Amino acid sequence: MAIEKPADNEMQFSGGNRRRLRLGGDQRNACYPHSLQFYLEPPSENISLIEFESLAIDRVKLLKTVENLGVSHVKGTEQYQSKLEAEIRRLKFSFRENVENEYERRRRDHISHFILRLAYCQSEDLRRWFIQQEMDLLRFRFSILPKDKIQSFLKDSHLHFEAISDEERSLREHEIIASSTSSSASKSELELESVYKIPFADALDLFRGRKVYLEDGFAYVPLKDIVAIVLNEFRAKLSKALALTARSLPAVQSDERLQPLLNHLSHSYTGQDYSTQGNAGKISLDQIDSLSTKSFPPCMRQLHKALRENHHLRHGGRMQYGLFLKGIGLTLEQALQFWKQEFIRGKMDPDKFDKGYSYNIRHSFGKEGKRTDYTPFSCMKIILTNPPGQGDYHGCPFRHSDPELLKQKLQSYKISPDGISQILDLVKGTHYQVACQKYFEMTHNVDDCGFSLSHPNQFFFESQRILTGSKDIRKESIQPEAPQPKPSVQKNKDASSALASLNSSLEVDMEGLEDYFNE
C-alpha cells in the first residue's frame, strides 16, 4: 500500500479524504459507550503531531504504572486498585462508567492505544509486554464495570455471551457452584450474579483447570469467572491485530517524522537493560561466590550453586546466568576464564571448551555472528519463555519450582517460617515477582524495598546499594532497555528537537491510518 508524499506542513496517508470529527452529545456517547473497549475500530480523525506525541507518552506512562503496580502489589487488592485509579485520573484516561464529560478521556484512551500499536508491534518482546499491560488495564476496568453494563459491553465487543435465565440458573445451581473458580461462593452469592452460557471452545482455560461446569457443549460461567474468558478474547484479538500492523509497518516507518518517535517509544518500555556499560571489570572472579549468597536473586543463586556442584550448565542456564554476570560487571576475558575453569573441573578437555563453548560466550558479548551485544534477561522473559526441563536449572524458582522444593530452598536460605508462608501464598496466587520482592525484603531486613522488582540485575544492584551504601554501580548501569540492537542516540535527539519545533497545526490523518490496523 502506498503512502502519499506529505507536504511540508501536513501529513496524509492514502485511504480517504481528511476530516476532523465534530460530534454532538449523542454522537459522542455512541462513539465510546463504555469506559473500556476492545479497540476493534481504529480512530478516524486528524490530530497534530504534538498531540500524537503527548498521547503516546501518557499511554506509556500509564502502562508502566500498570506494570510496576502489578509487580509491587497483588492485582485486585484495594491498594492496587486505588493507586491505579489515581494514576488513570492523573493522566486523564477513562476508567469509570456514568461519569460526566468522559468523551475526551475515552477519546484519548482510544487514540493512544492505536499509536502504541505502531510502536510495540515491532518485535515479539515488545508485543508480549504491550499485550500484558493492556490486559491488566482491561482487567482493572472490567472489575469496576457496573453489573448492569456488562451485557452491553460484551455485545459491543462482539462477544456473544448471554446471561441465562433465573430458571436455568436454579436448575444447575449446585453444579455451577461446585465447579466455579470462585468455589467459596455461597448459594446466596450466586443468586445475586449472572451466569453466562458460553461455547465450550471459548472456555478452554477454565475447562483445563476443571473450574467450570460443562453441559451439551456449553460452559456455564458465573460473573466472577467470566473475566478470564474476556481477557483471553482480548489477548487473541490484540495479538492478531499487532501482527497485521507489523506487516504494514515499513510504510509507516518511511515517514521521517514518525519513525524516530516510534523508535523512541518502543525502546522505553522496560526502563533499564542492565547492560555492562561502565560496570565492566568492577567485580573480580573471587567475589562471585560471596556475592551469590548476599546479592543474587534466587534464580541466579540457584544457577551458581548448580554450576559449582555439577561443573556444567545446559544452554538455557548458561545464557541466563552468563548474561546476568555480564550485566553485573564481568568482562569478556573474565567470563571466558570463569566458565573454562568451571567446565575443566568437570573433566572437560580445554580444547573441547575452546571449540564448543567459547564461541557462544564471545557471541553473547557481541564479538561474533551478527555482533549483537545481548542484554541480561528480565524477570518477564525468564518467567514467560523457555521453561526448564529435566536437568535444567534456569528459569524462575517461584514460577517453575515445585512448592515443596521451593519451601526447602527458602529454608536453606534461612527465611523464617512466617516469611516462607507469605512467599508461598504469593506464589500460589501466581504473583512471582512480588514473591521475589518479598524475598529481597526478608533477606535484607527491610520492611519496604522502595522499588518494583522487574529484573534480576536490578535485584543485585539494589542489594549492593543497601549492603555497601554505594549507588555508583547502579547509576552507571542505567540505559534504556531494548530487546533489539540499540538505536542511535542522535536519532532520539533529532526526534525530540524535530517534534518540539513542529507547528501545532501539523496534522496526522488518523483516518488514513486505518489501513495499518486492518487486513
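On a predicted model such as this, the values are computed, not experimentally measured, just so you know.

Quick notes on the rules
- Residues numbered from 1 in each chain as written.
- Predicted model: local features only at pLDDT ≥ 70, side-chain atom pairs only at ≥ 80, totals over all residues.
- Heavy atoms only, no water.
- Helix = DSSP H or I, 4+ residues; strand = E, 2+ residues; numbered from the N terminus.
- Buried < 20%, exposed > 50% of the residue type's maximum accessible area, 1.4 Å probe, protein only.
- Pairing = 2+ DSSP bridges.
- Disulfide = S-S within 2.5 Å.
- pLDDT = per-residue confidence, 0-100.
- Contact = heavy atoms within 4.5 Å.
- Axes fitted to C-alpha atoms, helices over the stretch in contact; angles between N-to-C directions.
- Parallel < 35°, antiparallel > 145°, perpendicular 65-115°, else oblique.
- Nonpolar A, V, L, I, M, F, W, Y, C, P; charged D, E, K, R; others polar.
- Core = buried A, V, L, I, M, F, W, Y, C linked by side-chain atoms within 4.5 Å.
- Expected span 1.5 Å × (residues − 1).
- Phe/Tyr/Trp six-rings, centres within 6.5 Å; stacked < 30°, edge-to-face > 60°.
- Lys NZ or Arg CZ within 6 Å of the ring centre and 35° of its normal.

Quick look at the overall build of the chain
Right, so step 1: When helices and strands are tallied, the chain shows 27 helices and six strands.
Right, so step 2: Within the chain, the proportion of its 519 residues that are buried is 50%.

Quick notes on the sheet that holds strand S3 (residues 195-199)
Right, so step 1: The strand order across the open sheet formed by four strands is S2-S3-S5-S4, and the pairing between neighbours is antiparallel. The two strands at the open ends of the sheet, each matched to only one other strand, are strand S2 (162-163) and strand S4 (213-215).
Right, so step 2: As paired strands, S4 and strand S5 (residues 218-222) are joined by three bridges and run antiparallel to one another. What sits directly across from Tyr213, in S5, is Tyr220.

Describing the state of the cysteines
Right, so step 1: Scanning the entire structure with this criterion turns up zero disulfides.
Right, so step 2: Unpaired in terms of disulfides, Cys299 finds its nearest cysteine sulfur in Cys436, a separation of 6.4 Å.
Right, so step 3: On the basis of relative accessibility, which here comes to 9%, the residue Cys299 falls in the buried class.
Right, so step 4: As a non-bridged cysteine, Cys396 has Cys299 as the owner of its nearest cysteine sulfur, 6.6 Å distant.

Observations concerning the confidence of the model for the chain
Segments scoring low in pLDDT should not have their predicted coordinates read at a detailed level.
Right, so step 1: Averaged over the chain, the pLDDT score is 81; the fraction of residues at 70 or greater is 79%.
Right, so step 2: Here helix H25 (residues 472-477) is the element of the chain with the lowest mean pLDDT, 39, and helix H14 (residues 298-310) is the one with the highest, 97.
Right, so step 3: Low pLDDT (under 50) marks residues 1-21, which in the prediction has 58 contacts with non-local residues, meaning those over four places away or in another chain.
Right, so step 4: Within the model, the stretch residues 471-506 combines pLDDT values under 50 with 72 contacts to residues more than four positions away or in other chains.

Some details on the packing of H14 against helix H16 (residues 332-345)
Packed helix pairs are characterised by how far apart their axes lie and by the angle those axes make with each other.
Right, so step 1: Two numbers describe how H14 lies on H16: the axes approach to 8 Å, and their chain directions differ by 45°. On the basis of their axis angle, the class for H14 and H16 is oblique. In contact with His304, Leu307 and Arg308 of H14, H16 contributes Phe338, Trp339, Glu342, Phe343 and Arg345.
Right, so step 2: When grouped by side-chain class, the residues that make up the contact of H14 with H16 number four nonpolar, one polar and three charged.

Here's the deal with the environment of Ala241
Right, so step 1: Positionally, Ala241 belongs in helix H11 (residues 223-253).
Right, so step 2: Separated by 120 residues in sequence, Ala241 and Cys121 have C-alpha atoms that sit 8.9 Å apart.

With respect to the pairing of S3
Right, so step 1: Alignment of S2 against S3, held across two bridges, turns out to be antiparallel. Bridge pairing links Ala163 to Tyr196 in S3.
Right, so step 2: The pairing of S3 with S5 spans five bridges and is classified as antiparallel. Looking at S5, one finds that Ile198 is bridged to Ala219.

A short note on the nonpolar core
Right, so step 1: Leu154, Ile226 and Val230 are the most contacted members of the largest nonpolar core, which totals 65 residues.
Right, so step 2: Broken down by element, the residue count for this core peaks at 10 residues, all from H11.
Right, so step 3: Not counting residues within four places of it along the chain, the set of residues in contact with Val230 comprises Phe38, Leu138, Phe142, Phe153, Leu154 and Leu159.
Right, so step 4: In this structure, Val71, Leu307, Cys436 and Tyr439 belong to the second largest nonpolar core, which totals 54 residues.

A short note on H14
Right, so step 1: Taking 1.5 Å per residue as the helical rise, H14 with its 13 residues ought to reach 18 Å, and the 18 Å between its terminal C-alpha atoms agrees with that figure.
Right, so step 2: Every buried residue belonging to H14 is among Pro298, Cys299, Met300, Arg301, Gln302, Leu303, His304, Ala306 and Leu307, and all of these are buried.
Right, so step 3: A positive backbone phi angle near 60° is found at His311, which sits one or two residues after H14.

Focus on the packing of aromatic side chains
Right, so step 1: Summed over the entire model, instances satisfying the criterion amount to 26 aromatic pairs.
Right, so step 2: With a centroid separation of 6.3 Å and 90° between ring planes, the pair formed by Phe324 and Phe460 is classed as edge-to-face. Of the two residues, Phe324 is situated in helix H15 (residues 315-328) and Phe460 in helix H24 (residues 456-468); the sequence distance between them amounts to 136 residues. The burial state of Phe324 is the same as that of Phe460; both residues are buried.
Right, so step 3: Taken together, a centroid distance of 5.1 Å and an interplanar angle of 70° make the contact between Phe343 and Tyr357 edge-to-face. Taken as a pair, Phe343 in helix H16 and Tyr357 in the loop between helix H17 (350-356) and helix H18 (358-364) lie far apart in primary sequence, 14 residues in all.
Right, so step 4: When its relative accessible area of 16% is taken as the criterion, Tyr357 is described as buried.
Right, so step 5: An aromatic cluster is built from Phe296, Tyr321, Phe324, Phe338, Trp339, Phe343, Phe353, Tyr357, Phe460 and Phe461, whose rings are joined through pairwise contacts.
Right, so step 6: When the ring centre of Phe93 is taken as reference, the NZ or CZ atom of Arg59 above it lies at 5.8 Å.
Right, so step 7: When the ring centre of Phe93 is taken as origin, the NZ or CZ atom of Arg108, which lies over that ring, is 5.0 Å away.

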